[in-house]
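Okay, here's what each chain looks like letter by letter:
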Amino acid sequence: MRFIITAQAGTGDAKTDPPTGFDEKLFTAYMQFNEAMHQAGILIASEGLNPAARGARVAVSQGKRHLVDGPFAESKELVGGFYIIEVKSLEEAIEWALRAPSGWGSDDVLEVRQLTGPGDLPPEILKLIQSAAPTWSAAVWQARE
(Lines give C-alpha, C1' and ligand atoms only; values in the text may rest on other atoms or scores of the structure.)
Protein backbone atom coordinates (compact mmCIF):
# COMPACT_ATOMS: atom_id res chain seq x y z
CA MET A 1 0.00 0.00 0.00
CA ARG A 2 1.21 3.47 -0.81
CA PHE A 3 0.67 6.38 1.53
CA ILE A 4 1.35 10.08 1.33
CA ILE A 5 2.41 11.82 4.49
CA THR A 6 2.00 15.58 4.26
CA ALA A 7 3.48 18.06 6.69
CA GLN A 8 1.78 21.31 7.65
CA ALA A 9 1.71 23.87 10.42
CA GLY A 10 -0.42 23.14 13.46
CA THR A 11 -3.63 25.04 14.06
CA GLY A 12 -3.70 24.89 17.86
CA ASP A 13 -2.44 27.34 20.44
CA ALA A 14 0.81 25.46 21.00
CA LYS A 15 2.74 26.66 17.97
CA THR A 16 6.23 25.47 17.21
CA ASP A 17 8.39 28.47 16.47
CA PRO A 18 10.21 27.97 13.19
CA PRO A 19 13.98 28.03 13.55
CA THR A 20 15.80 31.28 12.97
CA GLY A 21 18.58 30.74 10.47
CA PHE A 22 19.80 27.37 9.32
CA ASP A 23 19.63 24.62 11.94
CA GLU A 24 22.22 22.04 10.90
CA LYS A 25 21.20 19.56 13.64
CA LEU A 26 17.51 19.66 12.61
CA PHE A 27 18.37 19.42 8.92
CA THR A 28 20.57 16.41 9.65
CA ALA A 29 17.70 14.76 11.57
CA TYR A 30 15.44 15.14 8.51
CA MET A 31 18.08 13.70 6.19
CA GLN A 32 18.69 10.78 8.57
CA PHE A 33 14.93 10.09 8.61
CA ASN A 34 14.92 10.06 4.79
CA GLU A 35 17.92 7.73 4.86
CA ALA A 36 16.23 5.36 7.32
CA MET A 37 13.13 5.12 5.11
CA HIS A 38 15.30 4.63 2.01
CA GLN A 39 17.36 1.92 3.72
CA ALA A 40 14.11 0.21 4.82
CA GLY A 41 13.06 0.15 1.15
CA ILE A 42 9.80 2.04 1.73
CA LEU A 43 10.57 5.57 0.48
CA ILE A 44 9.18 6.33 -2.98
CA ALA A 45 9.64 10.14 -2.86
CA SER A 46 10.11 12.97 -0.40
CA GLU A 47 10.29 16.69 -1.00
CA GLY A 48 9.95 19.91 0.91
CA LEU A 49 7.83 22.61 -0.65
CA ASN A 50 9.54 25.97 -0.89
CA PRO A 51 7.31 28.54 0.84
CA ALA A 52 9.14 31.38 -0.89
CA ALA A 53 8.69 29.93 -4.39
CA ARG A 54 6.04 31.29 -6.65
CA GLY A 55 3.06 29.09 -7.22
CA ALA A 56 -0.54 29.24 -8.31
CA ARG A 57 -3.94 28.00 -7.27
CA VAL A 58 -6.32 26.88 -10.00
CA ALA A 59 -10.00 26.32 -9.21
CA VAL A 60 -13.16 25.30 -11.09
CA SER A 61 -16.10 27.62 -11.58
CA GLN A 62 -19.02 26.77 -13.88
CA GLY A 63 -17.11 23.78 -15.22
CA LYS A 64 -14.01 25.75 -16.28
CA ARG A 65 -10.62 26.11 -14.65
CA HIS A 66 -9.40 29.56 -13.68
CA LEU A 67 -6.63 31.15 -11.64
CA VAL A 68 -7.54 32.29 -8.13
CA ASP A 69 -5.61 34.12 -5.46
CA GLY A 70 -2.92 32.02 -3.97
CA PRO A 71 -1.21 29.74 -3.90
CA PHE A 72 -2.11 29.88 -0.18
CA ALA A 73 -4.76 32.04 1.42
CA GLU A 74 -3.38 31.46 4.92
CA SER A 75 -0.12 30.04 6.22
CA LYS A 76 -2.04 27.25 7.98
CA GLU A 77 -2.96 25.94 4.51
CA LEU A 78 0.68 25.65 3.45
CA VAL A 79 1.90 22.11 3.03
CA GLY A 80 5.54 22.08 4.09
CA GLY A 81 6.44 18.89 2.27
CA PHE A 82 5.55 15.27 1.72
CA TYR A 83 6.74 11.70 1.82
CA ILE A 84 5.36 8.93 -0.37
CA ILE A 85 6.01 5.54 1.16
CA GLU A 86 5.06 1.96 0.36
CA VAL A 87 4.36 -0.17 3.41
CA LYS A 88 2.11 -3.09 4.38
CA SER A 89 -0.51 -1.19 6.40
CA LEU A 90 -1.80 2.12 7.71
CA GLU A 91 -0.37 1.16 11.10
CA GLU A 92 3.12 0.84 9.62
CA ALA A 93 2.73 4.21 7.85
CA ILE A 94 1.71 5.78 11.16
CA GLU A 95 4.72 4.20 12.89
CA TRP A 96 7.00 5.91 10.38
CA ALA A 97 5.17 9.24 10.74
CA LEU A 98 5.63 9.05 14.50
CA ARG A 99 9.40 8.76 13.97
CA ALA A 100 9.61 11.88 11.80
CA PRO A 101 11.55 14.83 13.20
CA SER A 102 9.86 18.20 13.71
CA GLY A 103 10.90 21.76 14.27
CA TRP A 104 10.47 23.79 11.10
CA GLY A 105 7.06 25.09 12.18
CA SER A 106 5.56 23.90 8.90
CA ASP A 107 5.63 20.27 10.04
CA ASP A 108 3.68 20.32 13.30
CA VAL A 109 0.94 18.08 11.86
CA LEU A 110 1.58 15.06 9.67
CA GLU A 111 -1.40 13.74 7.77
CA VAL A 112 -1.19 10.11 6.62
CA ARG A 113 -3.44 9.17 3.69
CA GLN A 114 -3.55 6.02 1.59
CA LEU A 115 -3.11 6.49 -2.14
CA THR A 116 -5.47 4.70 -4.50
CA GLY A 117 -3.97 1.60 -6.04
CA PRO A 118 -5.12 -0.88 -8.66
CA GLY A 119 -6.48 -3.21 -5.98
CA ASP A 120 -8.80 -0.46 -4.73
CA LEU A 121 -10.76 -0.15 -7.96
CA PRO A 122 -13.34 -2.42 -9.59
CA PRO A 123 -12.25 -4.28 -12.76
CA GLU A 124 -14.43 -2.13 -15.04
CA ILE A 125 -12.67 1.03 -13.82
CA LEU A 126 -9.25 -0.59 -14.31
CA LYS A 127 -10.26 -1.45 -17.90
CA LEU A 128 -11.25 2.19 -18.50
CA ILE A 129 -7.91 3.36 -17.12
CA GLN A 130 -6.01 0.91 -19.32
CA SER A 131 -8.04 1.95 -22.37
CA ALA A 132 -7.79 5.71 -21.82
CA ALA A 133 -4.16 5.78 -20.65
CA PRO A 134 -2.45 2.62 -21.90
CA THR A 135 1.20 3.67 -21.55
CA TRP A 136 0.72 5.45 -18.22
CA SER A 137 -1.30 2.60 -16.73
CA ALA A 138 1.28 0.04 -17.88
CA ALA A 139 4.14 2.05 -16.38
CA VAL A 140 2.41 3.13 -13.17
CA TRP A 141 -0.70 1.14 -12.28
CA GLN A 142 0.09 -2.29 -13.64
CA ALA A 143 3.64 -2.09 -12.30
CA ARG A 144 2.17 -1.77 -8.78
CA GLU A 145 -0.01 -4.90 -8.99
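A brief look at the structure comes next. (Residues numbered from 1 in each chain as written. Predicted model: local features only at pLDDT ≥ 70, side-chain atom pairs only at ≥ 80, totals over all residues. Heavy atoms only, no water.)

Examining the pattern of salt bridges
At step 1: Inspection of every chain in the model, using the stated rule, returns two salt bridges.
At step 2: Residues Glu-86 and Arg-2 are paired through a salt bridge, measuring 3.3 Å at the closest nitrogen-oxygen approach. Here Glu-86, found in strand β5 (residues 79–86), pairs with Arg-2, found in strand β1 (residues 2–8); they are 84 residues apart in sequence, far enough to count as distant. (Salt bridge = Lys/Arg side-chain N within 4 Å of Asp/Glu carboxyl O. Helix = DSSP H or I, 4+ residues; strand = E, 2+ residues; numbered from the N terminus.)

Quick look at unusual backbone geometry
At step 1: The backbone of Gln-62 sits at a positive phi, close to 55 degrees, despite the residue not being glycine.
At step 2: Looking at the element boundaries, Gln-62 is found in the loop between β3 (57–61) and β4 (64–68).
At step 3: By relative accessible area, Gln-62 is classed as exposed at 81%. (Buried < 20%, exposed > 50% of the residue type's maximum accessible area, 1.4 Å probe, protein only.)

Considering the packing of aromatic side chains
Each aromatic ring pair is characterised by the separation of its centres together with the angle its planes make.
At step 1: Following the criterion strictly, the structure yields three aromatic pairs and no others.
At step 2: Taking 5.3 Å as the distance between ring centres and 85 degrees as the angle between the ring planes, the aromatic pair formed by Phe-33 and Tyr-83 counts as edge-to-face. Linking Phe-33 in helix α1 (residues 24–39) with Tyr-83 in strand β5, this pair joins segments that are 50 residues apart in sequence. Tyr-83 carries the same exposure label as Phe-33, and that label is buried. (Phe/Tyr/Trp six-rings, centres within 6.5 Å; stacked < 30°, edge-to-face > 60°.)

Details of helix α2 (residues 90–99)
At step 1: Listing the buried residues of α2 in full gives Ala-93, Trp-96 and Ala-97. Along the axis of α2, the buried residues cluster in a sector spanning 100 degrees; they form a single face. Those residues of α2 that are exposed and angled more than 90 degrees off the buried face are Glu-91, Glu-95, Leu-98 and Arg-99. (Arc of directions from axis to C-beta.)

Quick notes on the side chain of Ser-137
At step 1: Of note, Ser-137 is situated in helix α4 (residues 134–141).
At step 2: Under the relative-accessibility criterion, Ser-137 is labelled buried at 1%.
At step 3: Within the structure, the side chain of Ser-137 is placed 3.3 Å from the backbone oxygen of Pro-134, a separation counted as a polar contact. (Polar contact = N/O pair within 3.5 Å; in protein donor to acceptor, adjacent residues only side chain to side chain.)

Things to note about α1
The periodicity of an α-helix, 3.6 residues per turn, causes residues three or four positions apart to be oriented the same way.
At step 1: Its 16 residues place the ends of α1 22 Å apart at the C-alpha level, agreeing with the 22 Å of an ideal helix rising 1.5 Å per residue.
At step 2: All buried positions along α1 are accounted for by Leu-26, Tyr-30, Phe-33, Asn-34 and Met-37. The arc that holds every buried residue of α1, seen down its axis, measures 95 degrees, which confines them to one face. Opposite its buried face, α1 presents the exposed residues Glu-24, Lys-25, Gln-32, His-38 and Gln-39, each directed more than 90 degrees away.
At step 3: The backbone nitrogen of Lys-25 lies 3.1 Å from a side-chain oxygen of the residue at the head of α1, namely Asp-23. (Expected span 1.5 Å × (residues − 1).)

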